[in-house]
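Listed below are the residues making up each chain.
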Amino acid sequence: CTPIDESIILEMLDDLLVRCPHCSQANIRRRDYQKHEQEVCTYANVPCTAMDLRCDWTGPRKLLQSHLVECRMEPLRPILGLAQAQIREYQQRVT
């Protein structure tokens, strides 16, 4: 038996063409699928950009902008950022 070079098999697998389960786009190279899902696919679910401020909205990327118009948390970002900075400054003084 001849050992099979694992990197050759992985390269062959990465060249396979796949279909996105979110938007049904076909012929995406397997190696490019993650980028498609995380950056391009308009139907992939994404969290609100105010997730760090406790907005729990998640939905298709194509609806994110319309959500942000209604999001209650995103407009608070500047105020909360200032408050967090002041808290950090206070904590440094105390310790």
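Predicted model only: the values in this text are computed from it and were never measured. (Residues numbered from 1 in each chain as written. Predicted model: local features only at pLDDT ≥ 70, side-chain atom pairs only at ≥ 80, totals over all residues. Heavy atoms only, no water.)

**Re the confidence of the model for the protein**
Item 1. Confidence in the prediction for the protein averages 91 pLDDT; 95% of positions are at 70 or higher.
Item 2. Across the protein, element-level confidence peaks in strand S4 (residues 58-60) with a mean pLDDT of 98 and bottoms out in helix H1 (residues 6-14) with 86. (pLDDT = per-residue confidence, 0-100. Helix = DSSP H or I, 4+ residues; strand = E, 2+ residues; numbered from the N terminus.)

**A few points about the side chain of His67**
Item 1. Along the chain, His67 falls in helix H3 (residues 61-70).
Item 2. If sequence neighbours within four positions are ignored, His67 has contacts with Cys48, Cys55 and Trp57. (Contact = heavy atoms within 4.5 Å.)

**Things to note about a nonpolar patch on the surface**
Item 1. Taken together, the side chains of Ile9, Leu10, Leu13 and Leu16 make up a nonpolar region of the molecular surface, amounting to roughly 310 Å² of accessible area.
Item 2. Here Leu13 shows up in helix H1.
Item 3. Classification of Leu13 by relative accessible area gives partly exposed; the value is 34%. (Patch = residues over 30% accessible without salt bridge, like charges linked within 9 Å, V, L, I, M, F, W, Y side chains within 5 Å. Areas by Shrake-Rupley, 256 points an atom, 1.4 Å probe, with all protein chains shown as cover. Salt bridge = Lys/Arg side-chain N within 4 Å of Asp/Glu carboxyl O. Buried < 20%, exposed > 50% of the residue type's maximum accessible area, 1.4 Å probe, protein only.)

**Remarks on the environment of Leu63**
Item 1. As for its position among the elements, Leu63 is in helix H3.
Item 2. When the C-alpha positions of Leu63 and Pro75 are compared, they lie 18 Å apart, and in sequence the two are 12 residues distant.

**Re unusual backbone geometry**
Most peptide bonds adopt trans geometry, and most residues besides glycine take a negative phi value.
Item 1. Despite not being glycine, Ser24 has its phi angle at roughly 70°, a positive value.
Item 2. Examined against the element boundaries, Ser24 turns out to sit in the loop between strand S1 (17-18) and strand S2 (28-29).
Item 3. Within the chain, Arg54 stands out as a residue other than glycine whose phi angle is a positive 80°.
Item 4. With respect to the helices and strands, Arg54 occurs in the loop between strand S3 (45-47) and S4.

**Observations concerning the pattern of salt bridges**
Item 1. According to the stated counting rule, one finds six salt bridges in the structure shown.
Item 2. A salt bridge links Arg77 to Glu74, with the nearest nitrogen and oxygen atoms 2.9 Å apart.

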